[in-house]
Structure formats: structure tokens, C-alpha cells
Amino acid sequence: MTTNSGDNGDRPAALVIGGGIAGIQAALDIADAGFKVYLVERSPSVGGRMSQLDKTFPTLDCSACILTPKMVDVGRHANIELLTYSEVTEVSGQAGGFHAVIKQKPRYVDITKCRGCGLCAEACRLSGRVISEFNAGISRRAAIYVPFPQAVPLVYTVDPEACVYLTRGVCGKTFKCKDACDAGAIDLTQTEQYLGIDVNAIVVATGFDVFDPKGKPEFGYGVYPEVITTLEFERMASASGPTAGKISINGHAPRKVVFIQCVGSRDRSLGLPNCSRVCCMAVAKQAHLAHDRLPGAEITVFYMDVRAFGKGFEEFYDRVREEGVLYRRGNPSEINRCGEYVVVRAEDTLLGEPVEVEADLVVLAVGMLPRYDAESVANLLHLELSTDGYFRETHPKLQTVESGIPGVFLAGCCQGPKDIPDTVAHAKAAASAALISLARTGVCHATN
Amino acid sequence: MLQIESRQFSKEHGLFACIQCGKCTGGCPMALKTKLNPRMLIYRMLVAGDGFNLEGREELWDCTTCSTCYSRCPKQVNPMEAVIALRSAIVEKGRVHPNVKTALESTFRHGNPLTMPREDRGKWVEDLEVKRMADGAEYLYFVGCSPSYDPRVQHVARAIVRLFQQGGVDFGILAEEESCCGSEVRRLGEAGLFEMIAEENQELFKGVGAGKLFTTSPHCFNTFKNDYPGNGIQVQHYTQVLAGLVEQRALEFSKKVEKTVTYHDPCYLGKHNNIFDEPRDVLRGIPGVKLVEMDRSRQKSLCCEGGGGRMWLEGTNPGTRLAQWRVQEALDTGADILATACPFCLVTLDEAVKHLNAQDRLRVMDVAEIAVQAL
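What counts and what doesn't
- Residues numbered from 1 in each chain as written.
- Chains lettered and ligands numbered in written order.
- Predicted model: local features only at pLDDT ≥ 70, side-chain atom pairs only at ≥ 80, totals over all residues.
- Heavy atoms only, no water.
- Helix = DSSP H or I, 4+ residues; strand = E, 2+ residues; numbered from the N terminus.
- Contact = heavy atoms within 4.5 Å.
- Buried area = accessible area lost by both parts, 1.4 Å probe.
- Salt bridge = Lys/Arg side-chain N within 4 Å of Asp/Glu carboxyl O.
- Polar contact = N/O pair within 3.5 Å; in protein donor to acceptor, adjacent residues only side chain to side chain.
- Nonpolar A, V, L, I, M, F, W, Y, C, P; charged D, E, K, R; others polar.
- Axes fitted to C-alpha atoms, helices over the stretch in contact; angles between N-to-C directions.
- Parallel < 35°, antiparallel > 145°, perpendicular 65-115°, else oblique.
- Left-handed = near helix turned anticlockwise from the far one by under 90°.
- Expected span 1.5 Å × (residues − 1).
- Buried < 20%, exposed > 50% of the residue type's maximum accessible area, 1.4 Å probe, protein only.
- Arc of directions from axis to C-beta.
- Pairing = 2+ DSSP bridges.
- Disulfide = S-S within 2.5 Å.
- Domains from an automatic or database assignment.
- pLDDT = per-residue confidence, 0-100.
- Core = buried A, V, L, I, M, F, W, Y, C linked by side-chain atoms within 4.5 Å.

Chemist: Could you give an account of the environment of Phe194(B), with specific residues and numbers?
Modeler: Residues and elements named next belong to chain B. Note that Phe-194 resides in helix H10 (residues 191-207). As for Phe-194 and Gly-182, which are separated by twelve residues in sequence, their C-alpha atoms are 5.4 Å apart. Contact partners of Phe-194, with chain neighbours within four places excluded, come to Cys-181, Gly-182, Ser-183, Val-185, Arg-186, Thr-223, Asp-227 and Tyr-228.

Chemist: So, the interface of chain B and chain A: which residues are in play, and what are the values?
Modeler: Many authors give the size of an interface as the accessible area that is lost as the parts come together. Across the contact, 24 residues belong to chain B and 26 residues belong to chain A. Summing both sides of the interface, chain B and chain A together bury roughly 2200 Å²; the carbon and sulfur share of this comes to 44%. Our count for the chain B to chain A interface comes out at two salt bridges. Note that Arg39(B) and Glu347(A) form a salt bridge whose closest N and O atoms lie 2.6 Å from each other. Scanning the region where chain B abuts chain A turns up 21 residue pairs in polar contact (both at pLDDT 80 or more). In terms of residue count, helix H2 (residues 23-27) of chain B provides more of the side of chain B that touches chain A than any other element does, four residues in total. The residue makeup of the side of chain B that touches chain A, split by class, is nine nonpolar, eight polar and seven charged.

Chemist: I'd like a rundown of the packing of helix H3 (residues 38-47) of chain B against helix H5 (residues 79-92) of chain B, residues and numbers included.
Modeler: All names here are of chain B. Orientation of H3 relative to H5, taken along the N-to-C sense of each, is 60°, at an axis distance of 10 Å. Relative to H5, H3 is oriented oblique. Judged by the twist between their axes, the crossing of H3 over H5 is left-handed. Within the contact between the two elements, H3 uses Pro-38, Leu-41, Ile-42 and Met-45 and H5 uses Pro-79, Val-83 and Leu-86. Taken together, the residues that form the contact of H3 with H5 break down as seven nonpolar, no polar and no charged.

Chemist: Give a detailed account of helix H6 (residues 98-110) of chain B, specifying residues and quantitative values.
Modeler: Residue and element names in this part refer to chain B. Taking 1.5 Å per residue as the helical rise, H6 with its 13 residues ought to reach 18 Å, and the 18 Å between its terminal C-alpha atoms agrees with that figure. Three or more residues of H6 are buried, namely Val-100, Ala-103, Leu-104, Ser-106 and Thr-107. Summarising the axial view, the buried residues of H6 lie within an arc of 160°, below the 170-degree limit, and thus occupy one face. Opposite the buried face of H6, at more than 90 degrees from it, the exposed residues are Pro-98 and Arg-109. Against the buried residues of H6 lie helix H9 (183-187) and H10.

Chemist: Explain the sheet that holds strand E9 (residues 337-340) of chain B to me, and be specific about the residues and the numbers.
Modeler: Adjacent strands of a sheet pair through backbone hydrogen bonds, lying either parallel or antiparallel. Residues and elements named next belong to chain B. Strand order across the open sheet formed by four strands is E8-E7-E9-E10, with parallel pairing between neighbours. Of all strands in the sheet, those with a lone pairing partner are strand E8 (290-292) and strand E10 (363-366), marking the two edges. Recorded for the sheet is a direction-independent mean angle of 35° between the axes of neighbouring strands. In this sheet, E9 lies alongside strand E7 (residues 260-263) in parallel orientation, the contact comprising three bridges. Bridge pairing links Tyr-263 to Ala-339 in E9. Of the strands in this sheet, E7, E8 and E9 touch helix H13 (residues 277-285), which is tilted by about 175° from E7.

Chemist: Before we move on, could you go through the state of the cysteines and cite the residues and values that matter?
Modeler: Going through the model one piece at a time under the given rule, you end up with one disulfide over all chains. Sulfur-sulfur distance for the disulfide between Cys62(A) and Cys65(A) comes to 2.4 Å. Here the disulfide of Cys62(A) and Cys65(A) is right-handed, its torsion about the S-S bond being about 85°. The thiol of Cys24(B) is not disulfide-bonded; the next cysteine sulfur, from Cys18(B), is found 6.3 Å away.

Chemist: Just give me the short version of H13(B), but keep the residues and values in it.
Modeler: Residues and elements named next belong to chain B. Every buried residue of H13 is accounted for by Pro-279, Arg-280, Val-282 and Leu-283. For H13, the angular spread of buried residues about the axis comes to 155°, placing them on one side. In the core, the buried residues of H13 are packed alongside helix H12 (238-247), E7, E8, E9 and helix H16 (367-373).

Chemist: An account of the domain arrangement of chain B is requested, with residue identities and associated values reported.
Modeler: Residue and element names in this part refer to chain B. Structurally, chain B comprises domain 1 (3-92), domain 2 (98-243) and domain 3 (253-373). For domain 1 versus domain 2, the separation of C-alpha centres amounts to 30 Å. On the side of domain 2, six residues touch domain 1, which itself brings seven residues to the contact. Carbon and sulfur atoms make up 54% of the area that domain 1 and domain 2 hide from each other, which totals about 590 Å². The interface formed by domain 1 and domain 2 holds one salt bridge in total.

Chemist: Please set out the confidence of the model for chain A residue by residue, giving values where relevant.
Modeler: In this model, chain A carries an average pLDDT of 95, and 98% of its residues clear a pLDDT of 70 or more. Of the regions scoring below 50 in pLDDT, residues 444-448 of chain A engages in zero contacts with residues more than four places distant in sequence or in other chains.

Chemist: For the nonpolar core, give the residues involved together with the corresponding values.
Modeler: Counting residues in each nonpolar core, the largest one holds 125 residues, and the members touching the most others are Tyr141(B), Leu163(B), Phe164(B) and Ile370(B). When residues of this core are assigned to their parent elements, the largest contribution, eight residues, is made by helix H8 (residues 151-166) of chain B. When sequence neighbours within four positions are dropped, the list of residues in contact with Ile370(B) reads Val257(B), Val261(B), Leu283(B), Ile286(B), Val289(B), Ile337(B), Ala339(B) and Met365(B). If you look at the next biggest cluster of nonpolar residues, it comprises 38 residues, including Leu60(A), Ile249(A), Val257(A) and Val278(A).

Chemist: How would you explain the pattern of salt bridges if you had to name every residue and give the values?
Modeler: Note that side chains of opposite charge can pair when their charged atoms are close. What the rule picks out here adds up to 50 salt bridges over all chains. As a salt-bridge pair, Lys428(A) and Asp29(A) come within 3.2 Å of each other at their nearest N and O atoms. With Lys428(A) in helix H10 (residues 420-447) and Asp29(A) in helix H1 (residues 21-32), the pair connects residues that are 399 residues apart, well separated along the chain. Across the pair Asp350(B) and Arg152(B) runs a salt bridge whose closest N-O atoms are separated by 3.0 Å. Of the two residues, Asp350(B) sits in helix H15 (residues 343-355) while Arg152(B) sits in helix H8, which places them 198 residues apart along the sequence. Through salt bridges that share partners, Glu334(A), Arg345(A), Glu356(A) and Arg72(B) make up one connected network.

Chemist: Describe unusual backbone geometry, and please don't skip the residues or the numbers.
Modeler: The residue after Phe57(A), namely Pro58(A), is reached through a cis peptide bond having omega -5°. For the peptide bond that leads from Val152(A) to Pro153(A), omega is 0°, which places it in the cis range. In this structure, Pro153(A) sits in the loop between strand E11 (144-145) and strand E12 (157-158). Phi angles above zero are rare outside glycine, and Thr115(B) is one such case at about 55°. Position of Thr115(B) among the secondary structure elements: in the loop between H6 and strand E3 (139-142). By relative accessible area, which is 46% here, Thr115(B) ends up partly exposed.

Chemist: A description of the sheet that holds strand E22 (residues 353-359) of chain A should follow, citing residues and the corresponding values.
Modeler: Residue and element names in this part refer to chain A. With antiparallel pairing, the three strands of this open sheet are ordered in space as E20-E21-E22. Two strands in the sheet have a free side with no partner beyond their single neighbour: strand E20 (334-338) and E22. Going across the sheet, the axis of each strand differs from the next one's by a mean of 30°, ignoring polarity. Taken together, the five bridges between E20 and strand E21 (residues 341-348) define a ladder with antiparallel strand orientation. Each residue of the ladder has a partner; that of Asn-336, found in E21, is Val-343.

See below:
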């Protein structure tokens, strides 16, 4: 095991764990204030969940258009050391003096040589055969890949779970990716590297997972191709996504679209009692997109309560209804097959009658949940978990970025579900709290 | 007036947790064709103040106790149990439907709801060599009422005996000593009689030293497992034991059954107890069987309408029984055999096949009856 040491250049430094919008914002604020930041992201690129979205509610800004500049900024900021495809494996010490060990996973690509041209991916024998996580499974990539075209850093990574050579030890007579790469960047002999760093504050921005609707088998997700999640819809609706924004199921444009709210939220039976906060507006936005992209389609939203509490949210909900999107009160109970359609069974509780609604596209508004490995991250940093499984804050109103461990701060959805504006505000608050600790460390330095 | 103190009732049954989402009614197989609306029933109780009148609420007898409502509820409210408790309030006031009265009286007097003599309970087994539990055995085979008396369902019990003897299972039965498990009694609202039955059965099981028990019916299985107070007895449905025999190769099938089979999940095995795989494992283990699934299977299985006392009741129900829809779904799969693992499902589905004149296309059989053909 090789352990290198990070160089802070004689300044107090912060570690930011997680490279989604929360981690990006916190890193930028701390770095802009003149301190050193190590931004650690376990996937090959920064960007997180926000990079998967097409438009953002309620203003319909293109998500990539507002996020990409920030991603580029963290990539080239003089004070930020970006460590993608890396994980924090050890943390010791206390506020003002933490030591952390970062595992840098082998990309099998030399990032100083890779120019991101993609010839390797075209040549890969698994090209078009590996499920793309970024596109929520609706498209396929090669075993050597960038998750999406705007990735930062724009360098290729070999997927060790898919690569024929890495899983079976041979890949034909020659390596097709290596042959295709004229920069000589591919290096299948790379091994894990460890980096030891000394930091004075830590910001945890590890985000959330999305509910897998197979946990509600009555909806037939994974059985009926017509039943998809909001994340899949988002990738399908995205102009830069795999279908170039074309919404298509079984090879044709849907005529009858049903959205179902609260799938994996507000559900005690699944141990997920909390409201995910974003789904009401995400569905309103997607219903608008469906109305926009599928002229003449019937669009129905089944809901229990519409929670449109943010700035401009209620107005957007009004707009979507006035466009002709039908809101029906009742949360569907099951989906069955009926010929070429699926049938959504619900009670329209305002009519007080059971109803069966035919659909050729059903979108399940899947809720947010704590990261599957939140507990191990909590153990690493000695954090506590709330009863809902998210990281516990010191005070639910007055100290939502403090973690209970001095010097360790929480940013974004790792503390609980948030929409983008709330996440950014929370991340800026976490950065501010971290900056107080860093500034104090600086003062101590000066007076010593 | 059949007035209940609805505030107290709502609190005891956790109805204040209801958010009126309608998942219960949207999934209820009876709501589409009767006046039963579990969501609205709960709401009416909540807004009734402290007095809710049960007079004229005939739809309470429409519930098949399939538990779809409870399995879908995001707040873990149990509308089915609330309906059972409301039935109890009606029964307590002596307002019992004549058909139900007969079934309940028969259970009280003869230990079965079928008005059959108690002493005839072991007749089905007279030509078979089956151990009595009192002589000591590892398992108690609790046969149940319809498998003991109904000639159609006796076939199932005989098949189970043959399969288990072949598989080397050491089991005994109670024969004339056996008495109704009380499942339907409880679901018809006769809470007092159920308590009495449960106490007597507990003593009986203790007396014969039963440590493990399996049943023919998912209804008996469920009630022993979930309604009886804890007694340390390991309760299984026969398909669970049978799946074990097949898996461990204690039971070898030597003949082929070249049939396409679709399996109907009984509510009390599936939705109530999450047993979906074992009956399918047995069917898959039979050489020649091709297992196909109906669209509504497992958690989405459509109730046959035989539970919750519906074997004796009509409620506000119009003609078409759910079983007829179910048989149509089975016919759509092109299966030769509609398999199930519940005496009530077997009888109701059988009737539906006759009603639809589909006897030449589809046979309704219990999993045990199919398995025994492969021996």
C-alpha cells in the first residue's frame, strides 16, 4: 500500500465528502474564502443527482446549464484538489486537526494522458452492452466510459465489474481499448493508491438514494415496460439524454400518461415514514414536460396531498393544471395488465368511487432514502443517525449543519430530503460553519 | 339502534392514522362490485362524533378478509380488522344473519360450521393407516373442517397423507377429537366463541404433546399462527413441509405430469403470511409441469371470495363472484390446471369453472393433488 501525503500549502484545509451540488457548493465557498479544499467523490465524476435532471422546478431552468459551470469551477479552482473515484476510508483526530486517508480507486486510465476522446469506448467489445447508471438503466455504455458528456474530470474509467479483462483475466489477443487509444492513457496495471491528508474541518455531503419500486410489487415495476420511475422519465425527457428528449415506450409516443405520487415516501409499512419533499413539484414539472412533448396526450396525476410550499411552487402547480393536467385525489393501489395498456386501480376519493384508469405510461414518483451505506459513513465519522436514517443534526431548527461532532458539518440531503434551492442554502450554511472553524485555526497559527 | 362509541373504537383500531389516500378501497376486490368502501367507512367513523350507527350497514358482510387493504396501507391501518370488530359489535347485539347463525351454532355444537356430526370427522381416513396423535408423533396434521367432511376436499387430505407417508414424515391426526380452528368464527365477528374454541384447542394440543403442526388450509394455519396466543408450537402450512421434502429429496417424483399449470395464491397463505414461493417450488419440482403465471399473482392475487365467512353470506353482492373473474384469468393463460392450496379456493374456483362451462378446458386442483399424481 502506497500512502502519499497531501500538501495544504501551509493553510488550514477542509475535506468535503461528496461531489453533488451540496459538496460542490460547499467546496467552492470554502475555496473562494482562500482555504484549501479536498473534494472527494466516489463516482468517476462530480455532479451527483442534479446532473441527471433535465429541467428544474419551478423555473424550468435546464439543470445541466446551471450546474455544469459549477462543476467546471471545482475542476479548475486553484484551492480545490478534486479526488474523484475516491473514498474516505479512515478519519482520526478532532476539530482543528483531523487526519483522513483517501482511497483512490484505480481508473485503469492515466488521467494526465486521457483527453476524453472516447475512441476506447467505441472500440471496447462491450460497447453498448453495460447498463448506464447515470441514465437510470435506460441506455447502455461500454466497459470503459465517462458517465455523461459533461463529466468533470472528462476522463475515461474502466468499470471493474464489467471489463472482460478485469473480470476474466483475458480480453482476446490484444486490448481493443489500448489499441484505440493514441494517447497511451490506458493502464490496466493500476492499483489502489492511498492519500493521507490533514484537515481542520470536514463537510459531509453524501446525498441520498432513490427508492427501488420493486419494493412495492403491486405496481409491477420491472414487469411492465410501461411503468417507469421519475428518474427514468427525467433521463428520457432530457434533451442531452439517451433518447435526445424523445419520450417513447414500446416504440411509440404515450397517449395516456399517469403519474403516481408518494412511491416509497410517507409509507410506514416500508419503514420510510418521511415526506421526500421534492416529488410533488418534480411530478408537476414532469407533467408539464409530458404535456409539452406529447401533444394531445391525457395526463393524470394521482396524489394524496400536493405540497407546493416553496417560492413559485404553488404558481407552477396552478400553471400545470391550467395546461390541462388532471389531478385526481387518491393514491393508486395496484397496476394490472389489460391488453396493450396497463390499468391503474385507485379510489378517486373525491368521487368516493374505485376507478380504473388505462395508461401506456405510468411514472412512479420514487422517494428519497438515506444512502445504503449511511451507517458505515456514520461509524467512520462518529456521527449519529436520526430515526429516519439520515445523519442527525445538533438541533433540528437552530443547528441543522452541525453534526454533534465539533468540526464535522452536514450539507444537503444526507441530513434529510431537500430540493435544490434548500440543498444549496444548506451547503452554504455548512461552508460558513466550516469557515468559522478554519478561520479560528488560522488565527491560532498567526498568534502562535 | 346499533350504536357504537366510535371515538374509542377509532382510537383502539388506530383509525386516526388514516390519511384517506384510498389505497384500501382502490385495491379492495369487493369495492368494485359492492357498497363496501373501507376508506369511506373509516372516514364516516372518524367524523361521526362519538356515536356511529351500524344499522343497515350490510356492506360490512361483503368483506372477504383478504387483507389487500392492510397490505397496501402506507400508515399500517388495518381496515379488515376494523370490519371484523364492527361485525363483532353487531353479533354482540344478537343481530346475526340466519345463515351465519347456523354456521356458528354448528361450530359450537359439532365443532364444525358445516352442520356435520362430530363423530363422523375421522370417517375419511378409515381406509387409510394413519397414526393418532395421542400415540405420539413429530407433527400434528390438523386436517380442518372441509377436508374432513367435504368429499371434494377429502381428496386433498388423502393426497397429503400419501405424500407425507412416502416422504417419511412422522405425523398423527386427531380424527374425532379434532375441532374447528375458529378462523371463520372470528372473522364473522363471534369473538367470544372464538376465544372458547382457541382455549379448548390449546388444551387439546397440549394434551397430545404437539410440538409441530401443519394444516391443510391456509385459514387454519393463519389462525393458529397469528390469532392464537403464543403456545410455542411451530405452525406450518402443508406446502411448506412439502417444499422441504422436495428440496431435500426425501420425496422423489417418478412420474411425469405433462400439464401447464397456473397457481392461484390463496389470500391467507400469500397476502396474510407472505408464503408465495413454497407452493410454486413444489409445482416446479414435479417433472413435466410447466408453470405459468397469471397477471395478478403473488401480492396482487385476486381473492376467490371464499374467506371471511363469505362461504355462507351474500352481503350486498350481485351475481358475479370474484372466482369467476379469477377462472377467466386462468383460462387466459392457456393453463390446463388451475392449482391452489386452500380448501375454500378449491371449492369456489371449482364452482366458477362449472358456472363458466369450462370443465373441458380447465381443472381446479390442489397442489397436493397434482404432486400425488407424480408418485
